[in-house]
Amino acid sequence: MSIVASGSAHTVLADSLSDRLLRELAAPRDIAALAVFRILIGGLMCAGALRFVRNGWIERLYVEPEFHFKYWGFSWVQVPSEFGLYLLYCGIALAAICVAIGLFYRVAIITFWCLFTYAELMDVTTYLNHYYFISVLTLIMCFLSPHRAWSVDAWRRPALRSQTLPAWQTHWVRFQVGLLYFYAGWAKFEIDWLLHAQPLNIWLPPHSGLPLLGPLLEQTWVHFAFSWFAFLFDTLIIGFMLWRPARPYAFLVILVFHYFTHVFFNIGLFPFIMVFSVLIFFEADWPRKLARLLRVPLAARAAVTPANAPRRWSLGRALATLAVVLFCALQFLMPLRHWYYPGTVLWHEQGMRFSWRVMLREKSGSLEYRVALTRHDGTRRTVIVSPHRYLTEEQYREMAGQPDLILQLAHHIRDDYLAEGFATVEVYAQSFVSLNGRLAHRMIDPAVDLASTEFGLARAGWITSAPPEPPPLQRPLRLDRK
Amino acid sequence: MSSERVFPRVERLGFASRYAGPLAVTLILAACGGGGGNGGGGIAQPPDPEPAPDNDPPPETGDDARRAVLSDIGTAIIVPALEDFDMVAMGLQTAAAAVAATPSEVPTSDAAKAAWNTAMTSWQRAEVLQVGPAGRSTNPDAVAGGQDLRDSIYSWPFTLDTCALEAAAANGDAVDGTTPINITGLGAIEHLLFTDAPDPACASQPDAAARAAHLSRLADRIALLATSLLERWDPAADDFLEQWTTAGLDSSVIYGRPQDALDALSIALFYVEKQTKDRKVALPTGLPVTDLNCADPVACPEFLESRLSRRTGENLIANFQAFRDLFTGVDGAMGVNDLLIGIDRQDLADQIVVQVDDVLALLAQIEADTGFDAAVEAITDNDECVNAFSSSSGLPPCALLGVMKSALDTFRGPIVSALGLAIPSAAAGDND
């Protein structure tokens, strides 16, 4: 009897929890914040695509290179012709502006995601964390409905209009933004960053031309202070944004932080994306409050009626929720995968991408391939192949410190020579890499034939161990005249 | 002509707008935090009753230090190199005029060859110093303050159009700003000086007098350009030196920060990697690629830079000597190594000098033996060359490439990182 009673109590408790969860996720929230988020991200992405075209990066990054590095599993992604590339980027800009104004939103955001993600998949050497973030963010936006207010769609179709959206839409975006910040911070919990102030010790002194502030950037203690501040900022800032009393101050800190990252580093749209993204942590009606403050006439917030929210889980609702949870779990686990690989990820780079490891390392390398060729008649010869034969300087600079790309080009070289009619091709890499100011060390085992080495998720034994010595700490520049 | 007109104010505007915010923030911080020194209201330090005699100037720090190094490089290396080239270009002009006056006299021709050799050595030093006016003004290789003067003086690696050059000589064409770069400059002079007659395959077959006269016109043009280039830097004329030495100050409209000038220097230094190592050494040895379009299946001596005059090795020495000088400084003046030592990277400063000295020593040995051109022509075994490259010993031109690579890897890797320098063609895209 007691067992039955206990089981019943558990069931009631579980029901109560699941219902509470449903109520929380489905609770109507003012649409204003998400609508503004849509406008800002759409506008920014349109500007970003046009900036890409205007800067001539289509030619530099996609037309000039003869060889493009592929993502694992995406070798089918091909770089279109120059005309096709311009069409692609015009399509991205057009879709983005449609997202911003809310014109055919659902089609526009899906189109944007497809085109933008395709563009990002064209060459690994163009990988940037903030581009990946935009891909993830806009994928999420495909399932949201921020176009139901302040959009052309809502203007054209009154039935679409809504003053509220269910809370899960905000929570999902917040989760993704928060995850980025947290992992960007957690990635800085690292010896080079915290104990040796690298690479800020290298990166900041060249900015000492800043008026007044400049001389400080030469100081070693400032590099340590910035390193620790960046670690704490990234790790904790979302906590402060979630805590209402601290929110305005946290946002001010975010503005200052990203302003300085914009000044110090060539990181393009990243500061803008992050500033726009954290706005989602304000109350859902913040745009209306701001409008009132600025005396801009806006529709008043609709009365929120929780009674309209669903009270019971349906199968469809449960499956949709499960899909979102799985997506979030994947996002949560992905940055942790580098723990599977011994050594520092900054060196072997296994688990580096898609992990929000932002601006963490100064890496430069040199690379040549030694290729042993055997003809069908058994005669052998060895040639030296420079990556420059296939790559632009930009590609070379990026790939020389990334072992998987070194392997990928080795395979391409192998295939090239096999196509020329050689019976066997062996490819050995002479790779030297400097990490965070250390002297250059060999990164690839020179005795390993990369032509017969396959890339996979297993630990890559052909990558050497990271240099054991700590990075050098450069002192503030001082010249003692003789 | 004022420097404002010669060097348009472009970068400074971006700099000002970029840094206006930090300036404001710093002013606020400074206002809140009070200031140091005696004027900020703090406790004034009593004056030192007996200051110790100190003949050493105080250390220079930060951007002042960078400017000091730039100033030394500008005044002790760049300007003297251009002065030297201006002087030897005049010597070449005189010698070429003598050949034109007596085109059939061998001694006169020998004097012209010697003058050209001297000019070439001088220019090969200047090749590594392509900052400011010598550089290009248009993308993708645009240089801040670039005024496109280099290619008219020496257009290599553009292939000389020798038949068009012979035609110009036959026609008595003027040599001026409209003359295509592949039939003018030091390369064209080399062709006329070091070949006795036109290639029989060419349509135009000018006689010795016509060729000598054209030689003289070419030398006149180079002398004019040499003077023009020097004047761009000359404090008494366009004074690019002022732009260089005051980078980051109001007087420099070209370089918003000293770091911008150092970045320009860094990109100029890459000449030694891209041109000296890759084109002048690697291509002729046939090492870097297997599908070279050259006659010999092993090496490609036709790609030697100065094969007619047999002085490619001297070019390499001049390139690397200038590269070394920029690091060590000359005549007690400072160089890039002082910046490295100034941030406690003596290890890198020592390493690059040792490695460049290895290059120069091997080059000297090659020149003392057969000369670089002959050494390349003697390459008959590709595997031997590959092994020499990998071990940096053995077949001299191939071993040289290995030694060069070690030195330049140190430059393009740890040194560029340590000083936060720019590398060429890396402006596309963002970071994160």
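This structure is a prediction, so every number in the text was calculated from the model and none was measured.

Caption draft 1: A look at the overall build of chain A. Each helix and strand counted, chain A has 18 helices and 7 strands in total. For chain A, the spread of C-alpha atoms along the three principal axes comes to 80 × 65 × 65 Å. Pairs at least 24 apart in sequence give 73% of the contacts found in chain A among residues at least 6 apart. When the accessible area of chain A is evaluated, it comes to approximately 21400 Å², of which 68% is carbon and sulfur surface.

Caption draft 2: Spatial organisation of the overall build of chain B. Each helix and strand in chain B was counted, giving 17 helices and 1 strand. Across the 432 residues that make up chain B, the buried fraction comes to 54%. A sequence separation of at least 24 residues applies to 71% of the contacts in chain B between residues at least 6 apart.

Caption draft 3: Representation of the interface of chain A and chain B within the structure. The interface is formed by 66 residues belonging to chain A together with 66 residues belonging to chain B. Of the roughly 5700 Å² buried between chain A and chain B, counting both surfaces, carbon and sulfur atoms make up 53%. Inspection of the region where chain A meets chain B yields 3 salt bridges. One salt bridge connects Arg412 of chain B with Glu393 of chain A, and the closest N-O pair in it is separated by 2.5 Å. For the pair chain A and chain B, the interface holds 24 residue pairs in polar contact (both at pLDDT 80 or more). Secondary-structure elements contributing two or more residues to the side of chain A that touches chain B are α3 (57–63), α6 (129–141), α12 (247–264), β3 (363–374), β4 (380–385), α17 (393–399) and β7 (478–479) of chain A. Across the side of chain A that touches chain B, the residue classes break down as 31 nonpolar, 17 polar and 18 charged.

Caption draft 4: Summary view of the state of the cysteines. All chains considered together, the criterion is met by 2 disulfides over all chains. The disulfide bridge from Cys163 of chain B ends at Cys202 of chain B, spanning 2.0 Å between sulfur atoms. Measuring the twist about the S-S bond at about -80°, one finds the Cys163 of chain B-Cys202 of chain B disulfide to be left-handed. You can see Cys163 of chain B sitting in helix α6 (residues 162–171) and its partner Cys202 of chain B sitting in the loop between α7 (185–194) and α8 (208–233), a full 39 residues away along the chain. Its sulfur unpaired, Cys142 of chain A is 7.2 Å from the next cysteine sulfur, which belongs to Cys114 of chain A. The thiol of Cys328 of chain A is not disulfide-bonded; the next cysteine sulfur, from Cys142 of chain A, is found 15 Å away.

Caption draft 5: Examining the nonpolar core more closely. Counting 138 residues, the largest nonpolar core has Met45, Tyr369, Val371 and Met399 of chain A as the members making the most contacts within it. Examining the composition of this core, we find that 10 residues originate from one element, helix α2 (residues 32–54) of chain A, more than from any other. With 125 residues, the next largest nonpolar core counts Ile384 and Leu477 of chain A together with Leu218 and Ile343 of chain B among its residues.

Caption draft 6: Spotlight on the pattern of salt bridges. Per the stated rule, a full pass over the model turns up 37 salt bridges over all chains. The partner of Asp357 of chain B in a salt bridge is Arg324 of chain B, with the nearest N and O atoms 2.5 Å apart. Remark: Arg324 of chain B occurs in helix α12 (residues 312–328) and Asp357 of chain B occurs in helix α14 (residues 346–369); sequence separation between them is 33 residues. For Arg324 of chain B, a relative accessible area of 22% gives the class partly exposed. Each of Glu393 of chain A together with Glu273, Lys274 and Arg412 of chain B takes part in one network of salt bridges that share partners.

Caption draft 7: Spatial organisation of the pairing of strand β5 (residues 424–435) of chain A. All names here are of chain A. Across the 12 residues of β5, 9 count as buried, placing the element largely inside the fold. Bridging between β3 and β5 involves 12 bridges; their strand directions are antiparallel. Bridging from a neighbouring strand, Gly365 pairs with Val433 of β5. Note that β5 and strand β6 (residues 441–442) share 2 bridges and pair antiparallel. Paired with Phe432 across the two strands is Arg442, which belongs to β6.

Caption draft 8: A look at α6 of chain A. Residue and element names in this part refer to chain A. Across its 13 residues, α6 extends 18 Å between first and last C-alpha, which sits within 8% of the 18 Å expected from 1.5 Å per residue. In terms of burial, α6 is a largely internal element, 12 of the 13 residues being buried. On the buried face of α6, the contacting elements are α2, α4 (82–101), α5 (105–121), α8 (167–186), α13 (270–278) and α15 (315–333).

Caption draft 9: The arrangement of the sheet that holds β3 of chain A in detail. With antiparallel pairing, 4 strands are arranged side by side in an open sheet as β4-β3-β5-β6 (chain A). This sheet does not close on itself; its edge strands, each paired only once, are β4 and β6 of chain A. Across the sheet, helix α16 (residues 382–391) of chain B lies against β3 and β4 of chain A, angled at about 45° from β4 of chain A, the strand it touches most. Contacting β3 and β5 of chain A, helix α17 (residues 396–419) of chain B crosses the sheet at an angle of about 150° to β3 of chain A.

Caption draft 10: Examining a nonpolar patch on the surface more closely. All names here are of chain A. Among the surface-exposed residues, Ile191, Leu195, Trp228, Leu232, Leu236, Phe240 and Trp243 lie close enough to one another that they form a single nonpolar patch of about 720 Å² accessible area. Broken down by secondary-structure element, the contributors of at least two residues to the nonpolar patch are α9 (191–196) and α11 (220–242). Considering each element in turn, the nonpolar patch owes the most residues, 4 residues, to α11. As for its placement among the helices and strands, Trp228 is situated in helix α11. For Trp228, a relative accessible area of 37% puts it in the partly exposed group.

Caption draft 11: Quick look at the confidence of the model for chain B. Residue and element names in this part refer to chain B. Averaged over every residue, the pLDDT of chain B is 86; the share at 70 or more is 84%. Counting contacts from residues 1–47, a segment whose pLDDT is below 50, to residues more than four positions away or on other chains yields 57 contacts. The ipTM for the predicted assembly is 0.82, set against a pTM of 0.86.

Caption draft 12: Layout of unusual backbone geometry. Cis peptide bonds are those with omega within 30 degrees of zero, and the linkage from Gln198 of chain A to Pro199 of chain A qualifies with 15°. Summarising the element assignment, Pro199 of chain A is placed in the loop between α9 and α10 (200–203). Note that the residue after Trp156 of chain B, namely Pro157 of chain B, is joined by a cis bond; omega there is 15°. For Pro157 of chain B, the location among the structural elements is in the loop between α5 (150–153) and α6. Residue Ala197 of chain A is not a glycine yet carries a positive backbone phi of 55°. Mapped onto the fold, Ala197 of chain A is located in the loop between α9 and α10. Look at Asp148 of chain B: it is not a glycine, yet its phi comes out positive at around 60°. Tracing the sequence through the fold places Asp148 of chain B in the loop between α4 (106–127) and α5. In this structure Asp148 of chain B comes out as partly exposed when scored by relative accessible area, which is 35%.

Caption draft 13: Fine view of the packing of aromatic side chains. Residue and element names in this part refer to chain A. Here the structure, examined in full by the defined rule, presents 44 aromatic pairs over all chains. Judged by centre distance (6.3 Å) and plane angle (5°), the rings of Phe182 and Trp186 are stacked. Of this pair, Phe182 and Trp186 both sit in helix α8, 4 residues apart, which is roughly one turn of that helix. For Phe182, a relative accessible area of 34% puts it in the partly exposed group. Sitting over the face of the ring of Trp193, Lys188 holds its NZ or CZ atom 5.3 Å from the ring centroid.

Caption draft 14: Structural detail: the pairing of β3 of chain A. Residue and element names in this part refer to chain A. Among the 12 residues that make up β3, 11 are buried, leaving the element largely enclosed by the rest of the structure. Bridge count between β3 and β4: 6 bridges; the pairing is antiparallel. Paired with Arg370 across the bridge in β4 is Ile384. Connecting β3 to the next strand, β4, in antiparallel fashion are 5 residues, including Gly378 with a positive phi near 90°.

Here is what the cut-offs are and how they apply
- Residues numbered from 1 in each chain as written.
- Chains lettered and ligands numbered in written order.
- Predicted model: local features only at pLDDT ≥ 70, side-chain atom pairs only at ≥ 80, totals over all residues.
- Heavy atoms only, no water.
- Helix = DSSP H or I, 4+ residues; strand = E, 2+ residues; numbered from the N terminus.
- Contact = heavy atoms within 4.5 Å.
- Areas by Shrake-Rupley, 256 points an atom, 1.4 Å probe, with all protein chains shown as cover.
- Buried < 20%, exposed > 50% of the residue type's maximum accessible area, 1.4 Å probe, protein only.
- Buried area = accessible area lost by both parts, 1.4 Å probe.
- Salt bridge = Lys/Arg side-chain N within 4 Å of Asp/Glu carboxyl O.
- Polar contact = N/O pair within 3.5 Å; in protein donor to acceptor, adjacent residues only side chain to side chain.
- Nonpolar A, V, L, I, M, F, W, Y, C, P; charged D, E, K, R; others polar.
- Disulfide = S-S within 2.5 Å.
- Core = buried A, V, L, I, M, F, W, Y, C linked by side-chain atoms within 4.5 Å.
- Pairing = 2+ DSSP bridges.
- Expected span 1.5 Å × (residues − 1).
- Axes fitted to C-alpha atoms, helices over the stretch in contact; angles between N-to-C directions.
- Patch = residues over 30% accessible without salt bridge, like charges linked within 9 Å, V, L, I, M, F, W, Y side chains within 5 Å.
- pLDDT = per-residue confidence, 0-100.
- Phe/Tyr/Trp six-rings, centres within 6.5 Å; stacked < 30°, edge-to-face > 60°.
- Lys NZ or Arg CZ within 6 Å of the ring centre and 35° of its normal.

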